[in-house]
Structures are given as C-alpha cells and as structure tokens.
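# Coordinate analysis (summary)
The lines below spell out each chain.
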Amino acid sequence: MEAVMGRIHLVLVQCVAAAALISSLTGGAAGEAAAAAAQELQQGFSVAHDQSYSQFQPVLADPTGVFALGFLRVNATMLDLAVLHLPSAFPLWRAIPDRPAPWSTAASLSFDGGLVLTDRAANKVLWSTAATSASAGDRAVLLDTSNLQIQSTGGTSPDVLWQSFDYPSETIVQGQNFTSAATLYTIDRRFAMRLGSNYFGLYIEPPQPSSGGGVAAAMYFRHTAMEAKAQIVSGGGPTYARVEPDGFLAMYQREGPPADVLSFDTFNRGVRALRRMTLEPNGNLRAYYWDGARWALDYTAINDPCQLPTTCGAYSICAEPSGRCECLANATDGSGCAAVVPAASIGSSLCGTTGGEVGGLYWAVRRQGVEPVNKELLWSEQATSATDCEARCERNCSCWGAVYSNGTGFCYIMDYPAQLLVAGDDRKMGYFKVRSLEEEGTRRHGGGRASGVKAALLVVGIGAVVAAAAFGAYRVRDRRRRTAADARRQMGAADDGLSPGPYKNLGSFSSVELTNSFRR
C-alpha cells in the first residue's frame, strides 16, 4: 500500500512540476486558457493585446482546453497570432503577418465576418483572413484538432468559409490535408516543402524579393510515391498528403488506399497520440508525437549532415560523413564562405549589364573533385568535355554553376548559387559563378559606395595626370633654359650676339637634345 501511495505521490509531483513549467513558458496563460479564453468569436468581437502576458495571451480555446488561439511573442520581441498546443507551448499554426510588428505594438484582434489583426496606433492591418479568401462568417471556432475555422451557421450544418488547415505555416498535424495549393515554410522563409503530382520536395527558397527571377528554388530532398496500393492517374485530380494516427505520412489522390506510405518509427505500433510534422529552421523535415510530457522524435527526412543546406552554406564544400566544411574558393575552414555572396545579389540573374560575362557581373571559380550532393535532382545533359560543360553554363544567364563528370559525360546545371557541394573524385570538375561585389554594390545602391570609390579613384587619377603634365612642362622649360645657357658659353656668346666657334665644342650635346632645344 505504501508503495502505491508513493507512486501516486510521485505522479502528482510530476504533474505539478509540468504545470509549473508550462506556466513559466507561457506566463501562466496555458493553465488558465480554458477558463480565460472564449469558446467562439461572434461578429463584433474585439480584444486588445495585453502586454502583461509575457509569452502568450489566449483569446479562443478549443472544447478540450488543449489548444488556444492568441497573441504569441516570437523571438523575444515580435508579435504574431498563433494556435498553441498548450501543454508544450508549441505553435502548430502561425499567421506570420506580412508587416511584422513588435510585441509592444498596441494591437487588437477583431472578428466581423473575418479575423483581422490590427495595429491600432498606426491604424494598419497587420494580417487578415480576407487576404487569403473572402469570408463573411457568423462565428470563429477552434476545433479539438487545432483547426481554426470561420463558419457560416445559416444552414442546417455549419459551412466552413476559411480554415487554418488550408494555410499551414511550418507544421501540419494529423488529419490535416496538405495539398499542392499549400506550402510549408520555415519561419525565416529560407526553406520550403511543396507537394508535386506524385512526390513532395524540400527546397532552398530564393531571397525575397527576387528582383530578377534569375534564381530558381533549389530542391535538396525528394520523396516519390511508391504507388504500391493505388496508382496516381494523370488528370485524375490533385494529390494530397496527410499525417495518419498509425504513424505515417500518406499520399492520396482520392480517399481509400494510399498511393504512398512514408512510415515513421512508431508505424503500426499502436501509439495513439497527437502527431505533427514540422519543417525545421535548419531545413530538415521531422515528425513527432506527444507522449504526454514531450514531443518524441518519430521521423527524420535527412540524416546525412552534408545533405542539409545549413551545414556548410553557400560556396562551401562538405566532406562526408564528418560534415566538415571548406570554402569553395580557398582552403579556409568554417561557414563564412557565404559572406562572398551578397544576400540581395542572388535574387537576380547574371545578365543585365554590358556583356554579362566574367569580369562584369561575376567572377568564375573552378574546382576539381567536387559534385552536387543533390545531382539526381538537377537538370543534366551530355557534354563532350569539361570545357563544353563550362561553356554551356557561361553562355546561360540563369546558370550559376556546372559540374562535369568525366566518368559518365554528364553535365549538371545549377540554376542557383553554388551550395550542397560535397567532395568527390578527381573526375569531377566544377565551374561556378560568384557575384561581383563591386557590380553588386553599384546595382543595389544606384552606384552608392561602389560609385563613390570609382569617382574617388577617377579624381585621384586625373590629379596624378595633371601633376605629371605640370612636372613634365617644368622639366622641358628648365632643360631649354639650361641648354641655351650652356650653348652660349660653349660658343663664346657675347652681349651683342653669337661668335663663331669650332663645331667640335658642341660635342657635349646630342643631336636629339639640340633638335628638341631649338624646335620652338
């Protein structure tokens, strides 16, 4: 009996500790969300952001009290609207306003047929559901699946006019259909997950805004449907993916047997828990389940560090399997190689100024013994030689690099700045374009600092030429003066003119000196 009571006491202590931890993460909001937040929002509802909440201010709760919609503090200083899993304080959905606002903003959330997040002091809309779809709903509710919905209640059953499941941020949860119309983005929008006709892929996103459209999203991971139980028929409708309760990501074209099953570690092991799949800040895709105390890792898409774009970064080479990084242009270790690429420069093509060639918009780097780790996902074509492969990229304004394999004769074309490179054998030869910093400075700042340097150099150059010309003129006049004086002495010049003398006395002057002295 004492042992049983001891175990009960231990469980109670653990529950109290967990509640204290949640309270510390959310400033007490998690524990009070079910009581403090509304169960639905009706037209005319409005609530002001209360900065006394340190991390999360709940506004709308689901019937179970596990999820809540509210104001979320992000990165210690920024404000967002989010649906939180309260036991873990993890955001399952975020609005991510186009106009980010600080936590100190006098913001408000209102519902008048649609949800609107407003900066009241500036009288600006930060985010609204109207930006993604027209909605004139009667109420907003949060379901026990974490799905935020705007519903019309005029019929026999509520009609869904808008729902957060259609607009995921970086996470999908079980039961949520992920379609080709949606995209998962990391919070900084560096990486994305998209669904294709029979696959899903992970991409490196071009910087925003992409000013010239010259850089494509670079796919670094792809999973293709096996189509073992069901076929994906061309023209048979769009595909969609869904995290299932049994521990797998399924791909469907219609309900029924899935066209693909991507199994997690707990696949068919009877684990019944809330599941989520998240595109994480480092670009990896992982699946988790909630075990009652923590999010337990259940699946990792990429296990090789060299296959992750964040391991070494741009213009770097990754050594497998250690993940050690080396700069492409030299032998400097570390991840500082990306510093040679201005962030805004990779958002435009390599054409646009005179020539668009080496020495203009970019300079070239050649490196033997490297290859793209994602080469199977790149465009490739047969080339006769490394020189032929290089020429194809050099003439192409949207090509940022090419790698030739002497063993297979394939030329792999990269339409994004060089990254995801790994050390290969000496039969591989790479050619890569690096944006010219001087040209980039001119393009970005309208000739700002780069033009200032050019102007300064021009002034110095002109000054040097003028000084050289003045000094040359002085030397000529001085030479003429001294030559005339010496000539008068050698020929016995008198006050009234020149006296004849022997020609040999002029031997100290060369014919060139004489000619130059008396030319004018």
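Preceding block: the structure.
All figures in this text were calculated on a predicted structure; none of them were measured in a lab. (Residues numbered from 1 in each chain as written. Predicted model: local features only at pLDDT ≥ 70, side-chain atom pairs only at ≥ 80, totals over all residues. Heavy atoms only, no water.)

## Considerations on the overall build of the chain
Assigned secondary structure in the chain consists of 7 helices and 34 strands. Classification of the 520 residues of the chain by burial places 43% in the buried group. Here the analysis covers contacts within the chain between residues at least 6 apart in sequence; of these, 52% occur between residues at least 24 apart. Only carbon and sulfur atoms are counted for the fraction: they give 54% of the accessible area of the chain, which is about 26500 Å². (Helix = DSSP H or I, 4+ residues; strand = E, 2+ residues; numbered from the N terminus. Buried < 20%, exposed > 50% of the residue type's maximum accessible area, 1.4 Å probe, protein only. Contact = heavy atoms within 4.5 Å. Areas by Shrake-Rupley, 256 points an atom, 1.4 Å probe, with all protein chains shown as cover.)

## Some details on the state of the cysteines
Tallying each qualifying case throughout the model produces 4 disulfides. Note that Cys306 is cross-linked by a disulfide to Cys318, the S-S spacing being 2.0 Å. Taking the sign of the torsion about the S-S bond as the criterion, the disulfide between Cys306 and Cys318, at about -75 degrees, is left-handed. Within this pair, whereas Cys306 is found in the loop between β25 (295-300) and α3 (309-312), its partner Cys318 is found in strand β26 (residues 316-319), the two being separated by 12 residues in sequence. We classify Cys318 as buried; its relative accessible area is 3%. Linked covalently through their sulfurs, Cys312 and Cys325 form a disulfide whose S-S length is 1.9 Å. As the torsion about the S-S bond is roughly -85 degrees, the Cys312-Cys325 disulfide counts as left-handed. Here Cys325 lies in strand β27 (residues 324-327) and Cys312 lies in helix α3, a separation of 13 residues in the sequence. Like Cys312, the residue Cys325 is buried in the burial classification. (Disulfide = S-S within 2.5 Å.)

## Section: the packing of aromatic side chains
Within this structure, the stated rule accounts for 12 aromatic pairs. Measuring from centroid to centroid gives 6.1 Å for Trp93 and Trp162, while their planes differ by 75 degrees, and the two rings are edge-to-face. Here Trp162 lies in strand β13 (residues 159-163) and Trp93 lies in strand β6 (residues 90-94), a separation of 69 residues in the sequence. For the pair formed by Trp93 and Trp162, the shared burial category is buried. For the ring pair Phe248 and Phe267, a centre distance of 5.5 Å and an interplane angle of 90 degrees mean the geometry is edge-to-face. Highlighted residues: Phe248 in strand β21 (residues 248-252) and Phe267 in the loop between β22 (260-263) and β23 (275-279), separated in sequence by 19 residues. Judged by relative accessible area, which is 11%, Phe248 ranks as buried. Here the aromatic cluster, defined as three or more aromatic residues joined through ring pairs, consists of Trp93, Trp127, Trp162 and Tyr167. Positioned over the ring face of Tyr185 is Arg189, at 3.8 Å from the centre of the ring. Sitting over the face of the ring of Phe90, Arg276 holds its NZ or CZ atom 3.8 Å from the ring centroid. (Phe/Tyr/Trp six-rings, centres within 6.5 Å; stacked < 30°, edge-to-face > 60°. Lys NZ or Arg CZ within 6 Å of the ring centre and 35° of its normal.)

## Regarding the sheet that holds strand β30 (residues 379-382)
Reading across from one edge, β28-β34-β31-β32-β30 is the order of the 5 strands in this open sheet, with antiparallel pairing throughout. Unpaired on one side and paired on the other, β28 (362-368) and β30 mark the two borders of the sheet. Averaged over all neighbouring strand pairs, the angle between strand axes comes to 20 degrees, with direction disregarded. Here β28 runs beside strand β34 (residues 428-435); their pairing, made up of 7 bridges, is antiparallel. Across the sheet, residue Gln368 finds its bridge partner in β34, namely Met429. (Pairing = 2+ DSSP bridges. Axes fitted to C-alpha atoms, helices over the stretch in contact; angles between N-to-C directions.)

## What about the sheet that holds strand β10 (residues 124-128)?
Pairing in this open sheet of 4 strands is antiparallel, and the strands run β2-β8-β9-β10 from one edge to the other. Two strands in the sheet have a free side with no partner beyond their single neighbour: β2 (45-48) and β10. Ignoring which end each strand starts from, the neighbouring axes of this sheet average 25 degrees apart. Pairing analysis gives 5 bridges linking strand β8 (residues 107-111) to strand β9 (residues 115-119), with the strands arranged antiparallel. Within β9, the residue paired with Ala107 across the bridge is Asp119.

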